[in-house]
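# Residue-level structure breakdown
Residues per chain, in single letters:
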Amino acid sequence: MGHPPLEFSDCYLDSPDFRERLKCYEQELERTNKFIKEVIKDGNALIAAIRGYSSAVQKFSQTLQSFQFDFIGDTLTDDEINIAESFKEFAELLQEVELERSMMVQNASDLLIKPLENFRKEQIGFTKERKKKFEKDGEKFYSMLDRHLHLSSKKKESQLQEADLQVDKERHNFFESSLEYVYQIQEVQESKKFSIVEPVLAFLHSLFTYNNLTVELTQDFLPYKQQLQLSLQNTRNHFTSTREELEDLKKRMKEAPLTCKLPGQPTIEGYLYTQEKWALGISWVKYYCQYEKEAKTLRMTPIDQKPGAKQGTLDLTLKSCVRRKTDSIDKRFCFDIETTERSGTITLQALSEANRRLWMEAMDGKEPIYHSPITKQEEMELNEVGFKFVRKCINAVETKGITTEGVYRTVGSNIQVQRLLNAFFDPKCPGDVDLQSGDWDIKTITSSLKFYLRNLSEPVMTYKLHKELVLAAKSENLDYRLGAIHALVYKLPEKNREMLELLIHHLVNVCEHSRENLMSPSNMGVIFGPTLMRAQEDTVAAMMNIKFQNIVVEILIEHFGKIYSGPPEDTTAPPVPPPRVAARRHKPITISKRPLRERPVFFGASVEESGAERLGQTPNSGGVEAPKPLLRSRLPAPRPGGDEPGRPPADTRPQPRTEPELGKLGNRLQDGGAKPAGRAANGVVTSPTLRTATLQARRPAPRPGIVGREGDCDSVPKPRSHGDKPVITRPPVRPPDPPCRTPIPPKLEQRPDLIAGTAEEMPSSVVASRTKFFETASRRTGSSSSPQGRIPSDES
């Protein structure tokens, strides 16, 4: 049950029932005041939490943006470029999200806190002041009435008349205070319905609008996420294949350290100790020595120089090298050398007996050299038997297991692989093995094929063309990559090119069943890159180029039809393209450079560069303007057949809009803003993203300049002119309507969608109705004086 209304006529009687009902209103007013305080407190806490979260996200974004990847090698793959730029893309996306959040947070206080604070202080606070005046005047009136009733009737008539006038005056003041208080407390009770809910609604709208924008950013992020996941998976596959090669290289380095050398490096290098003879004795000085066998030059760099010593690097030309007999010196592992630059012999001490043998072998020492031979797996040749083996393996795979999941990726048993190879390459009956029988499973056959190709004496794509193929794969220009590899394929020896065509054609067939076997051209490149291509030198730098070997094989699979349709017009590889000036033909994936969506403005905020400003109009200045969000410039959404994305239009000045266009603009903003079709990260048009519904329902666009029936303008009462007075034929039995927020008539054409309320000035109709009411009430009480109390206005 609601509160019973307080009749103005009860103010005359001031009955106990009236006081009891008034007390209920006062308790409700206090409860409302307490509720508003709690909402303000919790709202401030929520805004502070959002602001703190935003600061933490911005700090996280700055940390991401400050990091830069460093890669091994001189060139990055396209996938590595995407990964290198990923943290920057993440940071810019987070910054865009936080920019939207900062706009929402900046408006939150103006939308929620200030209106509630103003209502509590101005309306509820003013009502409490009215209550104090009502209680004070009531106490004064009743105390004077008690004294007046105790006056003796024997006093003079003039004294009694004077006392009657004073009592009437106090009665009138009390009655006026009672009327004002009753009117004000009922006005607050009614106006709180919209004065409290409206700010909360505006705040929730801004919060949900931000969530809507976050959903849109998520839709924009999905294509970039998918492309980056693909780049990460490709890079992980390259890493796995490179790691396997590096582990094999590390194992061979443990067995024979000097078997893996860079071309162009010294024949042998390492630490040696040299015997130095001084006046006070003999000392051994540590040098780092580098010997080049062809030029017979020995470069010696001192390591432990004494303070003040000026001895630098020595460049010597070797004449002879002789092993030092053990009984001729008390040091082990020594040998003597003679040089052109120095007279006499130089005694050097190696680090071990094996190390001394290596130095003497490199310097053509006179002592016999004993070294353990480096065992190497028996190499295979690309001959007729090898072609027969490859064809049989391909036929078996395409017949028995081309749809097997992970074909060529899964590894067979080493024992079975060795058994198959020994049986097939048996010198007595080579090739006499039926791979179609059930004795050999698919894993054994595929692993045997890879083993054979990897252990050829020279890889299928030859050592000679290895560097040129890797250099072509490193090019940023996709056309150059394809053209260079196309030309280099026809530089291969005939049997190598025939074997390569046989294998790539088979791999194309396997990739056509990628839905079943999950083997894409990229996956096949990872498997067959190190198999068909190998660097002649076994070094870490060469292993780091395996990812580009994989790219070569991937290109051969993807462009098999073009490459093997015939040799290019010019069989020589095209020249290396000049340094890039224009944009990359293959742009790295990005999300921050996408065309930005149009954003709807927050509830209660003014339209950015609204039609009123474009037409030279401003909203009514007398009303309480809603807070404006931070405005930021946005790129125009791409239009079909229009300018290219990212290119500024020829004329960017705002064009004046017609009245119908402004109506459409208002309708669009009410609908949450128009949203262009989604675009993928690389500019490929994707399916439109789902539009999240806004709080505002669709409604027809208002037609500016057209007003409904008299007194109505989009549910806002039309203000009366100052000359109009309402006709009151009877005393009011209910409080007058609370002052509504009606706009001051604008100087220019009135626009219903831009009408704003005002709290600075009381409408003339309300002033006239209040004045008429007090005149009528005074006549009913028999008093000729007009009310002296202040008529409350909206300024209170």
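This is a predicted model, so every value here is computed, not measured.

How each quantity is defined
Residue positions are given per chain, counted from 1 along the sequence in the order it is written. The predicted nature of this model means local features are confined to residues of pLDDT at least 70 and side-chain atom pairs, given and counted, to a pLDDT of 80 or more, with totals for whole chains, interfaces and linings taken over all residues. Water and hydrogen atoms were dropped before computing side-chain values, which therefore reflect all heavy atoms in the structure. In this text, helices come from DSSP runs of H or I with a minimum length of four residues, and strands from runs of E with a minimum of two, each type numbered from the N-terminal end. Only protein chains enter the calculation, and the probe is 1.4 Å; a residue is then buried if its accessible area is under 20% of its type maximum, exposed if over 50%, and partly exposed in between. Contact definition: two residues touch when any of their heavy atoms are within 4.5 Å. Each accessible area is a Shrake-Rupley estimate made with a 1.4 Å probe; only the visible protein chains count as cover when residues are assessed. By salt bridge we mean one thing: a side-chain nitrogen of Lys or Arg within 4 Å of a carboxyl oxygen of Asp or Glu. By definition, two strands form a pair when at least two bridges between them are found by DSSP. Side-chain atoms within 4.5 Å are what join buried Ala, Val, Leu, Ile, Met, Phe, Trp, Tyr and Cys residues into a set we call a nonpolar core. Angles shown run from 0 to 180 degrees and are taken between the N-to-C directions of axes, each axis being a line fitted to C-alpha atoms and, for helices, limited to the stretch in contact. Should an angle fall under 35 degrees it is taken as roughly parallel, and over 145 as roughly antiparallel, whereas 65 to 115 is taken as roughly perpendicular and any remaining angle as oblique. For any pair of crossing helices, the crossing counts as left-handed if the nearer helix is rotated counterclockwise from the farther one by less than a right angle, and right-handed if it is rotated clockwise. Gly is put with the polar residues, along with every residue not named as nonpolar or charged; the nonpolar set is Ala, Val, Leu, Ile, Met, Phe, Trp, Tyr, Cys and Pro, and the charged set is Asp, Glu, Lys and Arg. Confidence per residue, as judged by the predictor, is encoded in pLDDT with a range of 0 to 100. Here the expected span of a helix is defined as 1.5 Å times the quantity of residues minus one. Contacts described as polar in this section are N or O atom pairs within 3.5 Å, which, within protein, must combine one atom able to donate a hydrogen with one able to accept it, while residues neighboring in sequence count only if both atoms come from side chains. Patch building starts from residues that exceed 30% relative accessible area and form no salt bridge, then joins like charges within 9 Å and nonpolar side chains (Val, Leu, Ile, Met, Phe, Trp, Tyr) within 5 Å. Stacked, edge-to-face and tilted are the three classes for Phe, Tyr and Trp ring pairs, Trp counted by its six-membered ring, which pair at centre distances within 6.5 Å; planes under 30 degrees apart are stacked, over 60 edge-to-face, the rest tilted. Our definition puts a charge over a ring when NZ of Lys or CZ of Arg is within 6 Å of the ring centre and also within 35 degrees of the ring normal. Here the bend at a residue is taken as the angle between two axes, fitted respectively to the seven residues that end there and the seven that start there.

### Considering the overall build of the protein
Counting its regular elements, the protein contains 21 helices and eight strands. In the protein, buried positions account for 41% of the 796 residues. Considering only intrachain contacts with a sequence separation of at least 6, the fraction spanning at least 24 residues in the protein is 73%. Surface summary for the protein: the accessible area is close to 46,200 Å², and the carbon and sulfur share equals 53%.

### Looking at the pattern of salt bridges
In a structure, side chains of opposite charge can pair up when their charged atoms sit close to one another. Tallying each qualifying case throughout the model produces 24 salt bridges. A salt bridge links aspartate 110 to lysine 114, with the shortest nitrogen-to-oxygen separation between them at 2.9 Å. In this pair, aspartate 110 and lysine 114 both sit in helix 4 (residues 86-149), four residues apart, roughly one turn of the helix. The class of aspartate 110 is partly exposed, set by a relative accessible area of 25%. A network of salt bridges, in which partner residues are shared, links Asp10, Asp17 and Arg21.

### Here we look at the environment of leucine 13
For leucine 13, the location among the structural elements is in helix 1 (residues 10-13). It is 9.5 Å that separates the C-alpha atoms of leucine 13 and phenylalanine 175, two residues lying 162 residues apart in sequence.

### Observations regarding the side chain of serine 522
Along the chain, serine 522 turns up in helix 15 (residues 521-532). Residues in contact with serine 522, not counting those within four places in the same chain, are Asn234 and Glu554.

### Quick look at the pairing of strand 6 (residues 345-349)
The buried fraction of strand 6 is high, at four of five residues. Taken together, the two bridges between strand 1 (residues 268-278) and strand 6 define a ladder with antiparallel strand orientation. Paired with threonine 274 across the bridge in strand 6 is leucine 348. Remark: five residues form the turn of the hairpin made by strand 5 (residues 334-339) and strand 6, two consecutive strands paired antiparallel; glycine 344 in that turn has positive phi of roughly 85°.

### Focus on the nonpolar core
Counting residues in hydrophobic clusters, the biggest one holds 64 residues, and the most contacted among them are Leu500 and Leu532. Ranked by residues supplied to this core, first place goes to helix 13 (residues 494-511) with eight residues. The contact partners of leucine 500, leaving out residues within four places of it in the chain, are Val460, Met461, Val489, Leu492, Leu532, Leu556 and Tyr564. Listed in part, the 22 residues of the second largest apolar core include Tyr291, Met300, Leu314 and Leu318.

### As for the sheet that holds strand 2 (residues 281-292)
The sheet built from six strands closes into a barrel, its strands ordered 1-2-3-4-5-6 with antiparallel pairing. Here the strands of the sheet are splayed against their neighbours by 50° on average, with no regard to which way each runs. Sheet topology places strand 4 (residues 314-323) next to strand 5; five bridges connect them, and they run antiparallel. In the strand pairing of strand 5, arginine 323 is matched with phenylalanine 335.

### Some points on the pairing of strand 1
Pairing geometry for strand 1 and strand 2, over eleven bridges, is antiparallel. Pairing of tyrosine 271 across the sheet is with tyrosine 288, part of strand 2.

### Comments concerning the packing of helix 4 against helix 5 (residues 157-195)
Their axes nearest at 8 Å, the elements helix 4 and helix 5 cross at an angle of 155°. Relative to helix 5, the element helix 4 is oriented roughly antiparallel. Considering how the two elements wind past one another, helix 4 and helix 5 form a crossing that is left-handed. Classifying every residue of the contact of helix 4 with helix 5 by side-chain character gives 16 nonpolar, eleven polar and ten charged.

### Details of the confidence of the model for the protein
On average, residues of the protein score 74 in pLDDT, and 67% of them reach the 70 mark or higher. This model gives residues 579-585 a pLDDT under 50, and the stretch forms six contacts once residues within four places in sequence are excluded. Contacts from residues 662-767, a stretch scored under 50 in pLDDT, to residues over four places away or in other chains number 165 contacts.

### Focus: helix 8 (residues 384-400)
For helix 8, built from 17 residues, the straight-helix expectation of 24 Å at 1.5 Å per residue is met to within 8% by its first-to-last C-alpha distance of 24 Å. Every buried residue of helix 8 is listed here: Gly386, Phe387, Phe389, Val390, Cys393, Ile394, Ala396 and Val397. At the N-terminal boundary of helix 8, the capping side chain belongs to asparagine 383, with an oxygen 3.3 Å from the backbone nitrogen of valine 385.

### Here we look at the packing of helix 12 (residues 478-489) against helix 17 (residues 546-558)
In a packed pair of helices, the relevant descriptors are the angle between the two axes and the axis-to-axis distance. Taken N-terminus to C-terminus, the directions of helix 12 and helix 17 make an angle of 85°; their axes are 11 Å apart at the nearest point. Put simply, helix 12 runs roughly perpendicular to helix 17. Facing helix 12, whose interface residues are Arg481, Leu482, Ile485 and Val489, helix 17 presents Ile551, Val552, Ile555 and Leu556. The residue makeup of the contact of helix 12 with helix 17, split by class, is seven nonpolar, no polar and one charged.

### Some details on unusual backbone geometry
Of note in the backbone geometry, aspartate 14 takes a positive phi value of approximately 50° without being a glycine. Note that aspartate 14 resides in the loop between helix 1 and helix 2 (16-66). Under the relative-accessibility criterion, aspartate 14 is labelled buried at 12%. Although it is not a glycine, aspartate 364 adopts a positive phi angle of roughly 55°. Under the relative-accessibility criterion, aspartate 364 is labelled partly exposed at 46%.

### Brief notes about a nonpolar patch on the surface
The grouping of Val200, Leu204 and Phe208 at the surface amounts to a nonpolar patch, some 210 Å² of accessible area in total. Note that phenylalanine 208 resides in helix 6 (residues 197-255).

### A few points about the packing of aromatic side chains
Two descriptors summarise a pair of aromatic rings, namely the distance from one centre to the other and the angle between the planes of the rings. All chains considered together, the criterion is met by 20 aromatic pairs. Their ring planes at 65° and their centres at 5.7 Å tell us that tyrosine 142 and phenylalanine 174 sit as a pair that is edge-to-face. Here tyrosine 142, found in helix 4, pairs with phenylalanine 174, found in helix 5; they are 32 residues apart in sequence, far enough to count as distant. Relative accessible area serves as the criterion here: at 4%, phenylalanine 174 is assigned to the buried category. Members of the aromatic cluster, connected to one another through ring pairs, are Phe67, Phe69, Phe87, Phe90, Phe221 and Tyr224. In this arrangement the basic side chain of lysine 474 is found over the ring face of phenylalanine 548, its NZ or CZ atom lying 5.3 Å from the centre.

### Regarding the environment of threonine 240
For threonine 240, the location among the structural elements is in helix 6. Residues threonine 240 and valine 526, spaced 286 residues apart in sequence, show a C-alpha to C-alpha distance of 8.7 Å.

### What to know about helix 6
In this model, helix 6 (59 residues) spans 81 Å end to end at C-alpha, consistent with the 87 Å of a helix rising 1.5 Å per residue. At phenylalanine 221, helix 6 is deflected by roughly 30°, the largest bend along its length, and proline proline 223 occurs up to four residues later in sequence.

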